[in-house]
Structure formats: C-alpha cells, structure tokens
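Structural features, examined
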Amino acid sequence: MAKRIAIESTAEAYLELLAARGVEYLFANAGTDFAPIIEAYAKRGAQGQALPRPITVPHEVPAVAMAHGYAMVTRRAQAVMVHVIVGAANALGGVINAARAQVPILFSAGRTPLSEGGVLGSRDRHIHWAQESYDQAGMAREFVKWDYELRNFAQIETVVDRALAMAQAEPPGPVYLTLPREVLAERHETFEYAEPSRLQRPGLLRPAPADIDDAAQLLAGARNPIIITKAAGRDPLAVPALVKLAETLGAPVFQDPGHNYMNFPGNHPLHAGYDAAAHLEEADVILVVEADAPWYPHIKSPRPETRVIQVASDPLFSGYPIRGFPSDLTLGGAPRLTLEALAEAGARLVDPRAVAERRRLWETEHKRLRQAWAARAKAVSTDSPIDMAWVSRCIADRIDEQTLVVNEYDLDTTQTSFQSPGTYFAASPSSGLGWGLGAALGAKLAAPDKTLICCVGDGAYIFGSPTAAHWVSRAHDLPVLFVIFNNRAWNAVKRSVTSMVKDGWAARTGNLVLYELDPAPEYQMVCEASGGYGERVEDPAELPRALERALHAVKVEKRQALLNVICKKPTP
Ligand SMILES: Cc1ncc(C[n+]2csc(CCOP(=O)(O)OP(=O)(O)O)c2C)c(N)n1
C-alpha cells in the first residue's frame with residue numbers, strides 16, 4: 001500500500017522511513033553534517049510524528065557497540081550516525097567487530113557538503129574542505145556488506161530498504177550509508193512510499209538433502225565424533241537444534257575458548273568444556289559449527305584421516321583472506337535448519353548402543369571437569385590480591401534466568417554455567433577492544449527487564465570510552481553493573497610474548513615492556529562521577545557482599561554500578 005505524507009526535507013523522509021521500517025534507535029555522535037537531521041527531529045517531534053529514538057553517545061566506540069549490543073539481543077538492525085570521515089574513523093573498530101560477529105547495523109555518516117556555495121546546506125565552515133575524502137566509504141568497505149552515498153531524494157526508499165535488507169540478510173553484518181548535507185537539507189513537500197516495504201529480505205536457506213544425508217552418514221558411522229562451536233548461538237534457535245544433534249550422536253560439544261554466544265547448556269552432560277585440542281587426536285569425525293578457527297594448526301591438528309564437516313551460514317568465512325581448515329563436507333545455509341536436518345537423518349542411522357556408551361563416557365568427563373573447575377575456584381577463594389577465577393565464580397553465583405552477561409576478556413567461563421540461549425555474549429572474533437561497555441548498554445536498551453552484568457579487563461574498560469559510556473547509562477536510564485577485573489596490566493599482551501618465545505630475552509631478563517597499566521586510577525570514581533554506585537574491592541571474602549550491594553544499586557535504585565576488583569597482577 002502506498003503511503004503519502006507531508007514533509008519538509010529529505011532528512012524528514014529519511015527519519016519517517018527508518019521509523020516505518022522498525023528502526024527504533026538512532027545512536028548518534030553529531031557534527032555540522034547533522035543540521036538537517038536535527039531540524040527534522042525538531043519538526044517531527046513538535047508534530048508528534050514517529051521517529052527512531054535519538055540516543056546521544058559522546059564517543060563513536062560505544063555508539064557502534066550499543067547498536068551491536070542491541071542487535072545481538074534482538075537480531076534487528078538499528079541505525080548509527082557519526083560525523084563525516086573523522087567520526088567514521090573512530091567508529092571503524094566497532095564496524096569491524098560487527099562484521100566479524102555477523103551483527104547487522106545500519107552504519108551511517110554525514111558527508112561534508114558537496115558544494116562550495118549556492119545551495120541550502122553548502123559549505124559554511126572551515127572544516128568542510130578538509131573533511132572530504134576521495135572515497136569516504138573506502139575506509140570501511142572491506143568490512144561492510146554494502147555501501148552507498150545517498151544521491152537524491154527520489155531514491156531514498158530504495159536506498160533505505162536495500163540497506164536494511166542487505167544488513168539483515170544471512171549472514172548479517174553492517175552496511176554503510178553516507179549522507180551528504182545538501183541532499184538531506186533539500187526541500188520537499190510530500191513523500192510517498194510503500195508500506196510495508198516491497199523489499200523483504202530472503203528467508204533462511206538449508207543445504208540440499210543429498211548433502212545432509214552424506215554428512216549424517218559420516219557422523220552416524222563415526223566411532224568418536226566431536227562437535228566444536230564458537231557462535232552457533234548467534235541464532236538462539238540453533239541451540240536446541242545443536243542439543244538434539246549432540247544427543248542423537250552421543251557426541252560432546254566443545255566451546256571454542258573465544259566463543260561469543262551461549263551455544264550449549266552448561267549443565268548438559270554433553271557440554272565438554274573449552275579444550276577441544278585435547279581430544280582432536282581421538283576424533284574420527286569433527287563437526288565444526290560456526291567456528292572460524294576451531295583449532296590452531298601451529299599447536300595441534302586432528303589426524304589427517306579425520307573427516308571434517310563444517311556448518312555455518314558462510315562456511316568459507318569469505319571475508320577472511322586465509323583460512324585453511326579442511327572441510328570434507330561443507331554445509332551452508334542456516335545452521336538451525338542444517339542441525340535439525342542432521343539430527344533427523346542421523347537418528348535413523350545411529351547405533352543406539354554405541355550412542356548410549358559414548359554418552360556415558362562424556363557424562364563422566366563432564367562431571368570431572370565441573371568438579372575440577374569448582375575446586376580451582378575454591379582453592380583460590382582466599383587469595384589476595386583476588387584471583388580472576390574467584391571473581392568469575394562469585395559473579396556466576398549471582399547469575400539467574402533474568403541476567404544477561406557481556407564479557408570483554410576476563411570472565412572465566414569455566415566458572416559460569418549458562419542454560420538459556422541469548423544470555424551470554426562476548427567480544428567479536430576480531431576483538432577490537434572497547435566493545436564491552438557499549439555492548440552492555442545496548443543490550444540493556446534491548447532488554448530493559450533483564451539485569452545486565454558487564455565484565456571487562458581494566459584494559460578493555462579504558463578502550464570503551466568509560467566517561468562516555470557512564471554518561472550514556474545515566475542520561476538514557478540504562479543501569480548496568482560493570483565489573484572490572486583489574487590486574488593493572490594487559491595480560492594478553494604479556495602472555496603472547498612468553499608463549500611465543502618461552503625462554504627468550506623478555507622471560508630471562510624480566511624486562512617486559514608495553515604491558516603494564518600501573519599506576520591504576522580509582523576506576524570506581526569514574527562511575528560515581530556519573531551518579532553511579534562505585535566500590536573498590538580488595539578482600540576476596542567481601543566480594544560476594546560487594547556484588548550484592550552493586551546489584552542492589554542496579555536493580556532497586558535503578559542506577560549503574562561499578563566494582564573495581566583488584567586482581568593478581570601478572571609478573572614478568
Ligand atoms: C583496539 C585494540 N587495540 C589493541 C588490542 C590488543 N590487545 C588485545 S588484548 C589486550 C589487553 C586487554 O587488557 P585487559 O582488558 O586488561 O585484559 P587482560 O589482558 O589483562 O586480561 C590488548 C591491548 C586489541 N585487541 N584491540
């Protein structure tokens with residue numbers, strides 16, 4: 001059905017269309033390029049017309065991360081708008097994260113005015129010359145599924161609908177739209193568009209039945225099949241399908257250490273922990289589900305005769321220049337549908353006695369692991385400075401079905417046990433630091449009734465533009481509990497030196513540079529400065545009560561909280 005409305009500018013038509021297409025939020029970090037957008041907000045606000053809610057985010061890193069966090073919870077793309085080339089450059093790390101995590105975002109930036117005079121919106125500030133680049137989208141092009149510059153009013157419906165369909169079609173990802181000021185400012189009186197959109201994105205695809213049969217036969221005939229996954233849970237409905245398949249085969253499911261979604265219930269007897277490498281040699285068939293790097297060939301590989309089946313929305317990880325993992329059977333399409341089909345076909349082929357026998361063995365291994373993990377936390381529970389395993393255990397003890405956890409680095413997932421899909425989210429495989437704070441705020445916006453716990457290293461916290469993030473929390477009423485695992489160091493950097501060269505110069509001399517974060521600020525005061533609850537925690541025995549106090553602030557007082565937990569510092 002065609003809808004016709006009165007408008008005043010292209011910017012107004014753009015906002016009308018975003019709202020009509022279900023974009024609820026515009027995460028924005030503004031500049032002079034925003035003048036027509038801000039004008040249109042004022043006009044439509046005065047007249048009570050529909051708008052994506054404007055969310056000011058005073059740094060681009062949390063702005064993009066908020067859109068990422070919102071979309072990873074809802075699976076719906078929201079809009080981000082930043083200021084021309086400079087804002088886009090600040091945002092780029094977040095765009096890379098969204099691309100590698102397959103999260104849809106309508107990323108946009110103003111474009112400096114095209115004309116030097118004569119048109120409404122023409123250049124009128126000194127910055128308007130230097131802020132032009134030859135190819136504004138070029139800096140992001142490798143990491144977006146589509147980019148375009150809005151050229152005129154007539155194409156706006158096509159451009160917005162194409163942007164949203166491209167971003168949300170499987171596998172999803174960010175798209176990039178640049179918006180020149182004069183085009184946005186152009187005067188118009190009416191706007192007509194189709195409602196609902198005439199450009200619906202494609203539905204989910206499934207592999208051909210013959211490929212499913214081949215894979216099911218391979219899996220059902222295996223003596224020791226194992227499953228490795230990193231991001232199956234990006235689609236919450238892929239989780240029950242994975243459970244069904246694992247049960248059908250009696251096969252263990254290993255989470256990649258960098259898993260960024262809840263993929264498999266933590267208390268399920270076939271949840272086999274995080275170390276598939278230890279079992280690669282025994283496996284005769286490996287099913288890799290949405291895992292970009294299921295093992296590290298430099299350290300350990302499966303036996304050459306082991307058959308590998310890869311299941312993913314984009315099983316070749318086509319954005320990666322080099323990726324050499326074998327795939328004897330490659331199943332594209334929606335993992336949810338592939339896994340269901342494999343479970344169904346596999347059920348007809350398996351030997352139930354062999355399945356029961358394998359399940360018994362893995363169940364024993366599951367219990368052994370859980371006991372070992374619990375014992376480890378207990379063993380360090382009184383250590384001072386605090387051990388990160390103890391912090392993780394204390395947080396895990398306070399996670400209920402109403403809790404969502406965002407983890408950028410230091411929460412030790414051996415201490416946690418998530419049962420429901422969509423309750424745990426970690427950094428993108430690209431790991432551009434600074435994602436956690438914004439992602440947690442975006443997730444809270446998407447799920448206001450949930451309790452959000454955001455776990456970050458002190459390094460990750462600094463990268464997340466904390467003053468901006470805490471400002472957003474207060475300004476937009478998004479109470480989140482932030483827990484800093486404060487080891488006064490970039491341990492990841494330190495570890496990389498000693499794991500690459502075990503007894504090299506750095507290890508022998510103890511002269512390890514570029515990894516320390518001392519002297520550490522009183523991070524809790526940064527949160528307090530934006531009206532939040534802040535506490536520095538040094539006593540391991542006090543940690544459970546400190547968490548209760550912080551959760552009280554978040555849940556009852558409805559304000560953000562930050563625990564600055566002083567952890568063991570890695571030594572050279
Ligand atoms: C934007 C960006 N810059 C640098 C890095 C490299 N890097 C990876 S981990 C890390 C340190 C993280 O420190 P912290 O959050 O304190 O966790 P820790 O390593 O101490 O456990 C750095 C600097 C990165 N991943 N992203």
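Relevant structure appears above.
Read on for a plain summary of the structure.

Conventions we followed
- Residues numbered from 1 in each chain as written.
- Predicted model: local features only at pLDDT ≥ 70, side-chain atom pairs only at ≥ 80, totals over all residues.
- Heavy atoms only, no water.
- Helix = DSSP H or I, 4+ residues; strand = E, 2+ residues; numbered from the N terminus.
- Buried < 20%, exposed > 50% of the residue type's maximum accessible area, 1.4 Å probe, protein only.
- Contact = heavy atoms within 4.5 Å.
- Areas by Shrake-Rupley, 256 points an atom, 1.4 Å probe, with all protein chains shown as cover.
- Lys, Arg positive; Asp, Glu negative; His and termini not counted.
- Charge placed at Lys NZ, Arg CZ, Asp CG, Glu CD.
- Pairing = 2+ DSSP bridges.
- Right-handed = clockwise from strand over helix to strand, strands pointing away.
- Axes fitted to C-alpha atoms, helices over the stretch in contact; angles between N-to-C directions.
- Parallel < 35°, antiparallel > 145°, perpendicular 65-115°, else oblique.
- Left-handed = near helix turned anticlockwise from the far one by under 90°.
- Nonpolar A, V, L, I, M, F, W, Y, C, P; charged D, E, K, R; others polar.
- Polar contact = N/O pair within 3.5 Å; in protein donor to acceptor, adjacent residues only side chain to side chain.
- Near = heavy atom within 4 Å.
- 1 Å grid on protein atoms, 1.4 Å probe; cavity = no way out; pocket = protein on both sides within 12 Å on 5 of 7 lines; lining within 4 Å.
- Points joined across faces, edges and corners; volume = space filled by probe spheres on them.
- Expected span 1.5 Å × (residues − 1).
- Salt bridge = Lys/Arg side-chain N within 4 Å of Asp/Glu carboxyl O.

1. Side note on the overall build of the chain
- On a plain count of helices and strands, the chain comes out with 20 helices and 19 strands.
- Structurally, the chain occupies a C-alpha span of about 75 × 60 × 50 Å along its principal axes.
- Considering the chain as a whole, with its 572 residues, one finds that 58% of them fall into the buried category.
- Sequence separation of at least 24 residues holds for 77% of the intrachain contacts in the chain that already meet a minimum separation of 6.
- Split by element, the accessible area of the chain, about 23,700 Å² in all, is 55% carbon and sulfur.
- The chain carries 58 positive and 65 negative side-chain charges, and their two centres are separated by 3 Å.

2. A few points about the pairing of strand 3 (residues 53-56)
- Both strand 2 (residues 25-28) and strand 3 contribute to a ladder of four bridges, which runs parallel. What sits directly across from Tyr25, in strand 3, is Arg53.
- In this view, the connection linking strand 2 to its parallel neighbour strand 3 by way of helix 2 (residues 35-46) has right-handed handedness.

3. A few points about the packing of helix 12 (residues 352-379) against helix 13 (residues 388-397)
- In the contact formed by helix 12 and helix 13, the axes pass within 8 Å of each other and the chain directions differ by 110°. It follows that helix 12 is roughly perpendicular to helix 13 by the angle criterion. Of the two elements, helix 12 crosses helix 13, and the hand of that crossing is left-handed. For the pair formed by helix 12 and helix 13, the contact residues are Trp373, Ala374, Arg376 and Ala377 on the first element and Ala389, Trp390 and Arg393 on the second.
- Here the contact of helix 12 with helix 13 is built from residues that sort into five nonpolar, no polar and two charged.

4. Notes on the side chain of Asp161
- Its location among the elements puts Asp161 in helix 7 (residues 156-168).
- With relative accessibility at 7%, the residue Asp161 sits in the buried group.
- Among the polar contacts listed, one links the side chain of Asp161 to the side chain of Arg21, at a separation of 2.7 Å.
- The contact partners of Asp161, leaving out residues within four places of it in the chain, are Arg21, Ser197, Arg198 and Leu199.

5. As for the site of the ligand
- Residues in close proximity to the ligand total 16 residues, the closest being Asp410, Gly459, Ala460, Asn491 and Ala492.
- Gly459 is positioned with one of its backbone polar atoms (N or O) 2.8 Å from an oxygen atom of the ligand.
- Take Asn491: an N or O atom from its main chain is 2.8 Å from an oxygen atom of the ligand.
- Compared with its free state, where it exposes 590 Å², the ligand has 78% of that area covered by protein.
- Elements represented by at least two residues in the shell around the ligand include exactly helix 15 (458-463) and helix 17 (491-500).
- At four residues, the largest contribution of residues to the shell around the ligand is made by helix 15.
- Its residues placed into classes, the shell around the ligand shows eight nonpolar, six polar and two charged.

6. Quick look at unusual backbone geometry
- In this structure, Pro171 follows Glu170 across a cis peptide bond, with omega equal to -15°.
- Backbone torsion omega between Asp518 and Pro519 reads 0°, so that peptide bond is classified as cis.
- Relative to the helices and strands, Pro519 is located in the loop between helix 18 (505-509) and helix 19 (523-528).
- For Ser431, which is not a glycine, the phi torsion comes out positive at approximately 55°.
- By the element assignment, Ser431 lies in the loop between strand 15 (424-426) and helix 14 (436-446).
- Under the relative-accessibility criterion, Ser431 is labelled partly exposed at 26%.
- With phi around 55°, Arg488 is a residue other than glycine that occupies positive phi space.
- Tracing the sequence through the fold places Arg488 in the loop between strand 17 (481-486) and helix 17.

7. A look at the layout of surface pockets
- Estimated volume of the largest pocket: approximately 1,000 Å³.
- Surrounding the largest pocket, 33 residues form its lining, Asp256, Pro257, Gly258, His259 and Tyr296 being those nearest its centre.
- Elements that contribute at least two residues to the lining of the largest pocket include exactly strand 10 (253-255), strand 14 (403-408) and strand 15.
- Tallied by class, the residues present in the lining of the largest pocket amount to 17 nonpolar, seven polar and nine charged.
- Each pocket or cavity is described by its volume, and for the second largest pocket that value is around 430 Å³.
- Forming the walls of the second largest pocket are 26 residues, and the residues nearest its centre are Ala99, Arg100, Gln102, Asp314 and Gly319.
- Ranked by the residues each element gives to the lining of the second largest pocket, the list is headed by helix 4 (residues 84-101), at three residues.

8. Some words on helix 7
- With 13 residues, helix 7 extends 18 Å between its outermost C-alpha atoms, agreeing within 8% with the 18 Å of an ideal straight helix rising 1.5 Å per residue.
- When you tally the buried positions in helix 7, you get 10 out of 13 residues, the bulk of the element.
- Looking at helix 7, one finds that the buried residues are Ile156, Glu157, Val159, Val160, Asp161, Ala163, Leu164, Ala165, Ala167 and Gln168.
- Where helix 7 is buried, its residues touch helix 1 (10-20), strand 5 (105-111), strand 6 (147-149), strand 7 (174-180) and strand 8 (190-194).

9. Some thoughts on the pattern of salt bridges
- On inspection of all chains with the given rule, the structure shows 38 salt bridges.
- The closest approach of N and O atoms between Asp387 and Lys568, which form a salt bridge, is 2.6 Å. Residue Asp387 is located in the loop between helix 12 and helix 13, and its partner Lys568 is located in the segment after strand 19 (561-566); the two are separated by 181 residues in the primary sequence.
- A residue is classified by how much of its surface remains accessible, and Lys568, at 34% relative accessible area, is partly exposed.
- One salt bridge in this structure joins Arg536 and Glu538, with 3.1 Å as the shortest N-O distance.
- A relative accessible area of 34% means that Arg536 is categorised as partly exposed.

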